[in-house]
2 protein chains.
Amino acid sequence: MRTAIADNYPTRGRTVCSSTTRRDPAVWGDATSGPLSQSEVAEYDRRGYHRTESLVPTADVFHLVDEMSRLAADEDLRDDECVVREHGTGDVRSVFDVHLLSPVVDEIVRRPEIADMARQILGSDVYIHQSRLNYKPGFTGGPFYWHSDFETWHAEDGMPAPRAASISIALTENYGYNGGLMIMPGSHREWVSCAGETPENYYRESLVTGTPPTGSPDQATLTSMANKYGIDMMTGSSGSAFLFDSNAIHGSNGNITPFPRSNLFIVFNSVENTLVEPFSAPSPRPTYLGSRDFSPLR
Amino acid sequence: MRTAIADNYPTRGRTVCSSTTRRDPAVWGDATSGPLSQSEVAEYDRRGYHRTESLVPTADVFHLVDEMSRLAADEDLRDDECVVREHGTGDVRSVFDVHLLSPVVDEIVRRPEIADMARQILGSDVYIHQSRLNYKPGFTGGPFYWHSDFETWHAEDGMPAPRAASISIALTENYGYNGGLMIMPGSHREWVSCAGETPENYYRESLVTGTPPTGSPDQATLTSMANKYGIDMMTGSSGSAFLFDSNAIHGSNGNITPFPRSNLFIVFNSVENTLVEPFSAPSPRPTYLGSRDFSPLR
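Residues numbered from 1 in each chain as written. Chains lettered and ligands numbered in written order. Predicted model: local features only at pLDDT ≥ 70, side-chain atom pairs only at ≥ 80, totals over all residues. Heavy atoms only, no water.

(A) Quick peek at the interface of chain B and chain A. With 24 residues of chain B at the contact, the number on the chain A side is 24 residues. Here chain B packs against chain A, burying approximately 1900 Å² in sum over the two surfaces, 71% of which is carbon and sulfur. Together, Phe139(B), Tyr177(B) and Ile256(B) form the three largest contributors to the area buried by chain B at its contact with chain A, with a combined 36%. Our count for the contact surface shared by chain B and chain A stands at 6 residue pairs in polar contact (both at pLDDT 80 or more). A total of 5 residues in the side of chain B that touches chain A trace back to one element, the largest contributor, which is helix α8 (residues 219-229) of chain B. Here the residues of the side of chain B that touches chain A are counted per class, giving 14 nonpolar, 10 polar and no charged. (Contact = heavy atoms within 4.5 Å. Buried area = accessible area lost by both parts, 1.4 Å probe. Polar contact = N/O pair within 3.5 Å; in protein donor to acceptor, adjacent residues only side chain to side chain. Helix = DSSP H or I, 4+ residues; strand = E, 2+ residues; numbered from the N terminus. Nonpolar A, V, L, I, M, F, W, Y, C, P; charged D, E, K, R; others polar.)

Shown next, in the form of structure tokens:
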């Protein structure tokens, strides 16, 4: 079940990890019109991310937190795969497809200050590849190991090129010590082919444990990249947001502090980069992880 | 096997956690002479810690790192309890009694810029209650849950009062994202009586797992304290140091970054606060955890 189109980003099915320069740009099109200034676009190109303070007003942050609680308690979704729970406690860790399940989320993600930023960077119309509300509790929040999202989306969902960007909107303060996102600035320009095979239905395991060995660069590669690029912490108040390149290497530590961490996470993919068959997995992941509805967002 | 002297800091052997204001001062004596200025002493009194940049020169940091490697590989110490290893990998996580095992450490801890700081805060001569070199590896470094050191030293070692201070000297850079120390500034003035009993030989478990439920405040208390005091991260270059009060609530997150974190940790106790029998444990911990040699440091 392999695709016929060229695989410019081979990964998995190999015994060692290797790096090359990424073939495609991070900023597509001319990027002259949109919410970002030209210097902000240039910085996104260089670092692989852009930070916006107060992107979502406080009242909407409250609405989003309420939506998370409502969806987590929704009886109709109790056994739905789009609700991911912690092993042991059964507490809800993520709810996927929130742009379809929640009118509040649906309205917010279409706002020009959000969707136009993605269109500007990706140089085309966009659609939503994935959406989720995440909740990392205080005291017991687990780590999420280093990875490139695009590596997974390419291997397991069939996304041809890294012409996608994610926005993470903070619903609680990210202090730097409560398990926030860490990113290696500049790492998005490097393509790391990862070792290992993709097990059948691997997503069920990798979403919960948070430490996927398959699809993550090995320790030698991560050490070399951390020394080369350094690590930036994505700190900020609730309502602030990070837009970041799909191929940026990122991860997060666990959280023993009492302060939980929640965010709304939306992946925009270019309508010129729609999914084909997975490049390194037996079958595509479910659509709540990799949407097959490629209608442009309006 | 209980002591006859008054227990001003009751803890454990109870079902709920409770807080009171600490009876004793954090700064003892007149504290007018020593390495710290009067404003630094006042800030230590208020926050429960003092930070010094470049306390140990770089050459000595290298010597201390070498000592850690030498002691970790020492065949004579292979089965010694003072070498604490990770479950699973067997990698060395801590070496205790390093002021006795290493002439390098012994010389450094006696330096006036280090020992006099402890004498100034504690208002008397001091001796070393505990010393250790710690190594928290990159990628897999585990968390260390919130606790007051004095709570353990009182309950399990028989230290009468919180007239002790610890110095943590960084041997690698503490970035804020590689599992460094977090402290609740001001928490040292509050005494938290913790719930639960002390199991026999509890130290063997608590030193390795890093998440001791016994001897830690409960989640409601920690949440209230974190909201009241906030959390400070102990970041700094190698060679920088933190002196902190024995009763300050502190902990550390795990570390998925490639950057390991090592430090030299020395506990100074006042010679007027020497150990008696444990206040809440069947028998005292071994002397590498709570020394019974009370000779003043010279």
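(B) Representation of the relation of the copies chain B and chain A within the structure. It takes a turn of 180° to lay chain B on chain A, together with a shift of 0.0 Å along the axis; the resulting RMSD is 0.0 Å. As the rotation angle and translation indicate, the two copies are arranged about a two-fold axis. Among all residues of chain B, the minimum C-alpha distance to the rotation axis is found for Gly254(B), at 3.0 Å. Same-surface contact between copies: 100% of interface residues of chain B are shared with the interface of chain A. (Least-squares fit on C-alpha atoms with pLDDT ≥ 70 in both.)

(C) Representation of the sheet that holds strand β6 (residues 144-148) of chain A in the model. Residue and element names in this part refer to chain A. The antiparallel open sheet is built from 4 strands, whose spatial order is β6-β12-β8-β10. Bordering the open sheet on either side are β6 and β10 (232-233), each of which pairs with just one other strand. Pairing of β6 with strand β12 (residues 249-252) involves 3 bridges; the strand directions are antiparallel. In the strand pairing of β12, Ser-148 is matched with Ile-249. Lying over the sheet, helix α6 (residues 149-157) contacts β6 and β12, oriented at roughly 70° with respect to β6. (Pairing = 2+ DSSP bridges. Axes fitted to C-alpha atoms, helices over the stretch in contact; angles between N-to-C directions.)

(D) Region of the structure containing the packing of aromatic side chains. Counting across every chain of the model gives 20 aromatic pairs over all chains. With 6.4 Å between their ring centres and 50° between their planes, Tyr145(A) and Phe139(B) make a pair best called tilted. You can see Tyr145(A) sitting in strand β6 and its partner Phe139(B) sitting in the loop between β5 (126-136) and β6 (144-148), one on each of two chains. Phe139(B) carries the same exposure label as Tyr145(A), and that label is buried. Ring pairs connect the aromatic residues Tyr9(A), Phe150(A) and Trp191(A), which therefore count as one cluster. Over the ring of Phe265(A) we find Arg132(A), and its NZ or CZ is 4.3 Å from the ring centre. (Phe/Tyr/Trp six-rings, centres within 6.5 Å; stacked < 30°, edge-to-face > 60°. Buried < 20%, exposed > 50% of the residue type's maximum accessible area, 1.4 Å probe, protein only. Lys NZ or Arg CZ within 6 Å of the ring centre and 35° of its normal.)

The analysis is restricted to geometry; functional conclusions fall outside its scope.
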